[in-house]
Amino acid sequence: MPNPHQRTAIRVALGLALLAVPATAIAAPSDGAAPARAESSAAAPFAAAAVGLDDPAKKEIAMKLVSSAENSSLDWKAQYKYIEDIGDGRGYTAGIIGFCSGTGDMLDLVELYTERKPGNVLAKYLPALRRVDGTDSHAGLGSAFERDWAKAASDSAFKKAQDDERDRVYFNPAVKQAKSDGVGVLGQFIYYDAIVMHGDGTDSASFRNIRKKALAKAKPPAQGGDEIKYLNAFLDARVWAMKQEEAHSDTSRVDTAQRVFVRNKNLNLNTPLDWKVYGDSFHIG
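Residues numbered from 1 in each chain as written. Predicted model: local features only at pLDDT ≥ 70, side-chain atom pairs only at ≥ 80, totals over all residues. Heavy atoms only, no water.

1. Quick word on the overall build of the protein chain
Check the secondary structure of the protein chain and you find nine helices and five strands. Along the protein chain, helices (α) and strands (β) appear in the sequence α-β-β-β-α-α-α-α-α-α-α-α-β-β when read from the amino end. Across the 285 residues that make up the protein chain, the buried fraction comes to 56%. If you take every contact in the protein chain between residues at least 6 apart in sequence, the share linking residues at least 24 apart comes to 63%. (Helix = DSSP H or I, 4+ residues; strand = E, 2+ residues; numbered from the N terminus. Buried < 20%, exposed > 50% of the residue type's maximum accessible area, 1.4 Å probe, protein only. Contact = heavy atoms within 4.5 Å.)

2. So, the nonpolar core
For soluble globular proteins, nonpolar side chains are generally found buried alongside one another. Formed by 77 residues in total, the largest nonpolar core has its most connected members in Phe145, Trp149, Tyr192 and Leu269. Phenylalanine 145 has contacts with Ile83, Tyr92, Met106, Leu122, Tyr125 and Leu129, leaving out every residue within four places of it along the chain. (Core = buried A, V, L, I, M, F, W, Y, C linked by side-chain atoms within 4.5 Å.)

3. Focus: the environment of isoleucine 96
Secondary-structure assignment places isoleucine 96 in the loop between strand E2 (92–94) and strand E3 (99–100). Spatially, the C-alpha atom of isoleucine 96 lies 10.0 Å from that of aspartate 75, the residues being 21 residues apart in sequence. In this structure isoleucine 96 touches Trp76, Gln79, Tyr80, Gln162, Asp163 and Arg166, once residues within four positions along its chain are discounted.

4. Some words on helix H2 (residues 105–116)
Owing to its 3.6 residues per turn, the α-helix brings residues three or four apart onto one side. In this model H2 runs 17 Å from its N-terminal to its C-terminal C-alpha over 12 residues, within 8% of the 16 Å that 1.5 Å per residue would give. What H2 keeps buried is the set Asp105, Met106, Leu107, Leu109, Val110, Leu112, Tyr113 and Thr114. The elements touched by buried residues of H2 are E2, E3, helix H3 (126–132), helix H4 (142–152) and helix H5 (156–180). (Expected span 1.5 Å × (residues − 1).)

5. Overview of the packing of helix H8 (residues 227–242) against helix H9 (residues 252–263)
Contact geometry of H8 with H9 gives a least axis separation of 11 Å together with a crossing angle of 175°. One element, H8, and the other, H9, form an angle in the roughly antiparallel class. Contacts from Ile228, Leu231, Asn232, Leu235, Asp236, Arg238, Val239 and Met242 in H8 reach Arg253, Val254, Asp255, Gln258, Arg259 and Val262 in H9. Looking at the contact of H8 with H9 residue by residue, the class counts come to seven nonpolar, two polar and five charged. (Axes fitted to C-alpha atoms, helices over the stretch in contact; angles between N-to-C directions. Parallel < 35°, antiparallel > 145°, perpendicular 65-115°, else oblique. Nonpolar A, V, L, I, M, F, W, Y, C, P; charged D, E, K, R; others polar.)

6. Considering unusual backbone geometry
Proline 272 follows threonine 271 through a cis peptide bond whose omega is 5°. Following the sequence through the fold, proline 272 ends up in the loop between H9 and strand E4 (273–277). Although it is not a glycine, leucine 269 sits at a positive phi angle of roughly 55°. Tracing the sequence through the fold places leucine 269 in the loop between H9 and E4. The class for leucine 269 is buried, based on a relative accessible area of 0%. Positive phi, close to 50°, is recorded for tyrosine 278, a residue that is not glycine.

7. Notes on the sheet that holds E3
Across the sheet, three strands lie side by side as E1-E2-E3; this open sheet has antiparallel pairing. Of all the strands in the sheet, the pair left with one neighbour each is strand E1 (83–85) and E3. Pairing of E2 with E3, which is carried by two bridges, proceeds in the antiparallel orientation. Note that in E3 the partner of threonine 93 across the bridge is cysteine 100. Contacts between H4 and the sheet are confined to E1 and E2, with E2 contributing the most and set at about 5° to the helix. (Pairing = 2+ DSSP bridges.)

8. What to know about the pairing of strand E5 (residues 280–284)
Note that E4 and E5 share five bridges and pair antiparallel. Across the sheet, residue aspartate 274 finds its bridge partner in E5, namely histidine 283. Linking E4 to E5, which pair antiparallel, is a turn of two residues; within it tyrosine 278 sits at a positive phi near 50°.

9. With respect to the environment of arginine 238
Turning to its location among the elements, arginine 238 is positioned in helix H8. For the pair arginine 238 and tyrosine 191, spaced 47 residues apart in the sequence, the C-alpha separation amounts to 9.7 Å. Leave out the neighbours within four places in its chain, and arginine 238 touches Ile190, Asp193, Ala194, Met197, His198, Ile210, Arg253, Val254 and Gln258.

10. A short note on the packing of helix H1 (residues 56–70) against helix H6 (residues 185–198)
Where H1 meets H6, the closest approach of the two axes is 11 Å, and the angle between their N-to-C directions is 40°. The orientation of H1 relative to H6 falls into the category oblique. As for how H1 packs across H6, the hand of that crossing is right-handed. Where H1 abuts H6, its residues Lys58, Ala62, Met63, Leu65, Val66 and Glu70 lie against Val185, Phe189, Tyr192, Asp193 and Val196. (Left-handed = near helix turned anticlockwise from the far one by under 90°.)

Here you go:
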């Protein structure tokens, strides 16, 4: 059974307070709705790595790492059809990144899918998804919705919609902010994993406030700080945030995974990688 995926924000808020990205950085892939274009910054005090988490090979590693924690499997592409109520108060959790019926991102996903493919098998559930948004209710959804979600997952258009919403809401903002802070591929992944779990709302345990706590303890490379020290400060803040909710009390996705990579100074997230999550061992060669 997949491990729980929760968010602390009821609806993910976009619009990170992003610093200018140096000319040497590679912009995160654009999804059409929120272009992420590198801006010139000749006076930038650091040079970002030539390869970022948005490099296809690195992004594939990131997807596997997140899936190991979210679904106890490296096969993230098998998760398009995943749907379950994990009892966390957020209704259904589904898909490759854990879109939730109670947090708005599942609604956004089905709206996008329907905009691109009117009359799809999930379109008829839009009124119900709008009604249950912000709650854990299954009203108007239930087993029929679960079956139709699995059917939709065989449609390449639905898979593409999941990919695009993942990137728009989570991946692109996290990578862009991380590049602005001057951290490498590992740091970009650490940001991404945090925004996946916590969202970027205004509550104290959200991504933006985890970052704020880290900045109060250490400077990122963009401000002349030491990258290892900063990442450890961020992970300290992340662990604090996880412990604010009982469902997050197992912090092994940080302790026996991300901390291991930081301790090994594997700032470019180079393979091979070995880690554990919730007691399970994983390897990428």
